[in-house]
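Notes for the structure review
Single-letter residue listing:
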Amino acid sequence: MQNQNKKTDSRKCEKYAKYEYEKLSYTETYGVLQSLREDEVFCDIKLETDDHKIILAHKVVLASESPYFYSMFTKFSKKNHDIVVMREIHSTALQLLVNFIYSGYIVVTGENVQDLLPVANLLQLQEVKEVCCDFLQTQLCPTNCIGIYDIADLHSCTKLLTNSELYIQQHFSEVAGGDEFLSLSSEKLIKLISTDKLNVPSEKKVFESVIRWVKHELDLRNGILPQLMEHVRLPLTSESYILKEVVEEPLIKNCVKCKDYISEALNFHRHRSEEPIPQNIRNNPRHEDKVILVVGRCDMKLNTLFYDPKMNRWHDGPKMIQSRKNASLALVKDNLVFAVGGSDYRGNALLSVDVLDLSSESPRWESSKTMFVEQNITGVGVINDNIYVVGGFNFCDNISDSAKVFDYNTQKWRMISTMCTLRYDFAVGVLNDLLYVVGDFNESLWEALDTVECYHPSLDKWTEVEKMCEHRRGAGVGVLGGVLYAVGGLSGYDEYNCMSSVEAYRPSTDIWTPIADMNFPRHRAGVVALDGLLYVIGGIKGSSEDSTECYNPKTNTWTTVAPLRYHEEASVGVVAINRTGFFKTC
C-alpha cells in the first residue's frame, strides 16, 4: 500500500504537529464492496427488472455514484423500500452498469450499446453515456448514421447529435441510397435538404432522393412534395436535365406548385446577362460548393475566370490590376489567392505579387508584398501558409535555381536552399507537406528532362526522387488522393510536339506509373483537384488549346467538359476556391 505523508521534525515536540495520510487508490475498497455484493452480505436493496431478474446492491454505493439512485434513496417514496422495480430497463444493461458503479470498468460493444445508453442516461452515469456516444461515433457509416442521429436526439447526446448530423450532410449521396433514409420524417428531411452544408456532387442527387422518399409511401407523402421541392435547388442543375428528367417525372407533372419551381429554374437559365438574377434559396449554391478560379492572358489583358463544375459554366471574375502572363496562383488560408510572378505585355519578368481576398463582400485584386527579384514562368506551392516560389527566368532572362518563401503570418520573404537543377519550364506540386518540382528543358542537350526533385521545409534541403517515365517540359502538375500527377508537356524543343500522356507518382513506392492519356495534347496547362476529380484547363498546343477535361481515378478515364470562354495564349494559373461572395453570382 502506497501512502503520501508530510514529514515532521522528530527532534521537536509540538502541540500542533501533524502527520498527513492519503490513500492513493480506492480499488481495494471497491473490491471488498463488490465481494460483499456477490456474497449478498449487507445488501439492502434489490433492483427488479421487467424480465423478473433481481440485482442485489448497497444503497450507499449506488447513491454515491448515481444521482438517480441518490434521489431515489433519499427523497422519493421508495427510500425505505428494500426492493425497487426498474421499469422498461433491460436486465443485462442494468447489471453491467451496477458492476461499473462498483468497479469503474465496463465494455461497450455493438451488441449492448443501444441498451446501455438509455439506462446510463436514466441513471445519470455521465461517464458511461460519453463512452457509449464515443463508441457510436466510431461506428458511423452511410447505412446507420440516421439511426445513430435519432438515438443521439432521443437521449440528448449533444456532441454525437452534431457529429452524426455532419456525417449525414457530408455523405448525403451514400446515405440517400440506403433504407434508413426512407424512414426519415418529413420534418427531418426538410431540415437536411435545406442546409447549405449539404455535400452533393450535383443538385440532381437531391431531387432524385426527394422523389425516391416520396414514392416509398406515395399515398402518405405525395402531398408533402411541394414543401420538399421548395428546398431543391433546381436552377443549379443543367437546363437539359430539367427538361429531360424533372419535367418528365410523373409526380412533378401532377403537381401544380412544382411546375412553378420548374419555370423558375428555366427562367434562371434563360435570363439575359444584363438583367439582375432574382435571389432566393433555390439559386443560392450550397456553402460547401467549390469553383475553379483561373487566370490567363488574352488580348494583352489578364482575365480572371471561374468555372462552376456543377453548372458546367464559365463566368467572369474580378479584373486583374495589370497584365500578368504566365502567372502562378497560390491559395492561403482558404480565402486568399496570390498571383505570383509572370511577365507583362512586353514580356518583362514581374517583381510584383497581387492578392484576392475571397472573404470580402466585393473581392478585388490588390497589391501585396513584392518579391526580391523579378520571376517569370516560376513554380509556386503553399505549405502551412508559406508560399514557396522556385526557379523560372529572372530580369536578365537567366534561368534560375533559386528558391524563396513568403511567410504570410509575418509578411516577409526569405531565401531558402537552391534547387539541384536550373529550371524554367517546369511545374510544382505539394504532397504531404513536401514541394515537388517536375520536369524542365535542358537547352545544352536540346531535350526535355525527366528529373524530379523534392524540397523538405523542415530540413531546408532538396533531394532527387525517381525519374518520370517520360521526358516532360512544361507539364502540368496536380495532386489528388495522395498521388502526384504529371500531365502532358513537350518532349523536346518543338512546341507543336505536344504530349497527351499522363503519369502518376506515389511517394510510398517512389514509382511513376502511366495512366490513361488525355483527350487533347497540351503543355503549360492548369491542373487542380476538386471533388475527387483532376481538372486540366487550357494550356498551349501549338495553337491555343481551349478545352477543359477532367480525370476520374476510379475509372481511369478522361471526360471533356465546358471549353474555355477565351483562347489562351499562355499557361493558366488555377486554384479551387470556396464559392463565396462574388462567386455566387451565376
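Residues numbered from 1 in each chain as written. Predicted model: local features only at pLDDT ≥ 70, side-chain atom pairs only at ≥ 80, totals over all residues. Heavy atoms only, no water.

1. Some points on the overall build of the protein chain
Of regular secondary structure, the protein chain possesses 17 helices and 31 strands. For the protein chain, buried positions account for 49% of its 586 residues. Look at the contacts in the protein chain between residues 6 or more apart in sequence, and 53% of them connect residues 24 or more apart. Roughly 28,700 Å² of accessible area belongs to the protein chain as shown, and the carbon and sulfur atoms make up 49% of that amount. (Helix = DSSP H or I, 4+ residues; strand = E, 2+ residues; numbered from the N terminus. Buried < 20%, exposed > 50% of the residue type's maximum accessible area, 1.4 Å probe, protein only. Contact = heavy atoms within 4.5 Å. Areas by Shrake-Rupley, 256 points an atom, 1.4 Å probe, with all protein chains shown as cover.)

2. Points about the packing of aromatic side chains
According to the stated counting rule, one finds 15 aromatic pairs in the structure shown. Their ring planes at 40° and their centres at 5.0 Å tell us that tyrosine 455 and tryptophan 462 sit as a pair that is tilted. The two residues tyrosine 455 and tryptophan 462 agree in class, both being buried. Aromatic rings pair up to connect Phe338, Phe406, Tyr408 and Trp413 into one cluster. Residue placement shows arginine 37 over the ring face of tyrosine 102; its charged tip is 4.9 Å from the ring centre. Residue placement shows arginine 221 over the ring face of tryptophan 213; its charged tip is 3.9 Å from the ring centre. (Phe/Tyr/Trp six-rings, centres within 6.5 Å; stacked < 30°, edge-to-face > 60°. Lys NZ or Arg CZ within 6 Å of the ring centre and 35° of its normal.)

3. Remarks on the sheet that holds strand β11 (residues 353–357)
The four strands lie next to each other as β9-β10-β11-β12, forming an open sheet whose pairing is antiparallel. Among the strands making up the open sheet, the edge pair consists of β9 (328–332) and β12 (365–367). Averaged over all neighbouring strand pairs, the angle between strand axes comes to 30°, with direction disregarded. Sheet analysis places strand β10 (residues 336–340) next to β11, joined by five bridges and oriented antiparallel. The residue of β11 that forms the bridge with alanine 339 is aspartate 354. (Pairing = 2+ DSSP bridges. Axes fitted to C-alpha atoms, helices over the stretch in contact; angles between N-to-C directions.)

4. Concerning the packing of helix α15 (residues 239–246) against helix α17 (residues 256–270)
Axis separation between α15 and α17 bottoms out at 9 Å; the angle between their running directions is 155°. Taken together, α15 and α17 sit at an angle that is classed as roughly antiparallel. As α15 runs across α17, the sense of the crossing is left-handed. Contact residues: Glu239, Ile242, Leu243 and Val246 in α15; Ile262, Ala265, Leu266, His269 and Arg270 in α17. Residue composition of the contact of α15 with α17, by class: six nonpolar, one polar and two charged. (Parallel < 35°, antiparallel > 145°, perpendicular 65-115°, else oblique. Left-handed = near helix turned anticlockwise from the far one by under 90°. Nonpolar A, V, L, I, M, F, W, Y, C, P; charged D, E, K, R; others polar.)

5. Considerations on the pattern of salt bridges
Inspection of every chain in the model, using the stated rule, returns 14 salt bridges. A salt bridge links arginine 233 to aspartate 196, with the nearest nitrogen and oxygen atoms 2.8 Å apart. One end of the pair, arginine 233, is in the loop between α14 (225–229) and α15; the other, aspartate 196, is in the loop between α11 (186–194) and α12 (203–216), and 37 residues separate them in sequence. Both residues of the pair, arginine 233 and aspartate 196, belong to the buried class. Linking glutamate 248 and lysine 253 is a salt bridge whose minimum nitrogen-to-oxygen distance equals 3.2 Å. (Salt bridge = Lys/Arg side-chain N within 4 Å of Asp/Glu carboxyl O.)

6. Brief notes about empty space enclosed by the protein
Leftover empty space is mapped by rolling, across the atoms, a probe with the size of a water molecule. Per the counting criterion, the structure on display carries two cavities of 30 Å³ or more. Empty space within the largest cavity amounts to approximately 120 Å³. Along its surface, the largest cavity is lined by Ile146, Tyr149, Glu165, Ile168, Leu184, Lys188, Lys191 and Leu192. Broken down by secondary-structure element, the contributors of at least two residues to the lining of the largest cavity are α7 (145–154), α8 (158–170) and α11. (1 Å grid on protein atoms, 1.4 Å probe; cavity = no way out; pocket = protein on both sides within 12 Å on 5 of 7 lines; lining within 4 Å. Points joined across faces, edges and corners; volume = space filled by probe spheres on them.)

7. Focus: the sheet that holds strand β19 (residues 447–456)
Reading across from one edge, β17-β18-β19-β20 is the order of the four strands in this open sheet, with antiparallel pairing throughout. What marks the edges here is a single partner per strand, and that holds for β17 (427–431) and β20 (461–465). Neighbour to neighbour, the strand axes of the sheet diverge by 30° on average, direction disregarded. Bridging between strand β18 (residues 434–442) and β19 involves seven bridges; their strand directions are antiparallel.

8. Some points on the nonpolar core
Leu47, Leu62 and Phe181 are the most contacted members of the largest nonpolar core, which has 79 residues in total. Top contributing element to this core by residue count: helix α4 (residues 91–103), with seven residues. Sequence-distant contacts of leucine 62, that is, excluding residues within four places in its chain, are made with Ile45, Leu47, Ala57, Phe69, Phe73, Val98, Ile101 and Tyr102. By size, the runner-up hydrophobic cluster in this structure holds 15 residues, among which are Leu530, Tyr535, Val574 and Ala576. (Core = buried A, V, L, I, M, F, W, Y, C linked by side-chain atoms within 4.5 Å.)

9. Some points on unusual backbone geometry
At aspartate 531, a residue that is not glycine, the phi angle is positive and equals roughly 50°. In this fold, aspartate 531 is placed in the loop between β25 (526–530) and β26 (533–537).

10. Some remarks on the packing of α4 against helix α5 (residues 113–122)
The N-to-C vectors of α4 and α5 enclose an angle of 60°; their axes lie 9 Å apart at closest approach. In terms of their interaxial angle, α4 and α5 are classed as oblique. The crossing of α4 and α5 is right-handed. Contacts between α4 and α5 involve Ala93, Leu94, Leu96 and Leu97 from the first element and Asp115, Leu116, Val119 and Ala120 from the second. Of the residues contributing to the contact of α4 with α5, the split by class is seven nonpolar, no polar and one charged.

Purely geometric stuff here, so don't read any function into it on its own.
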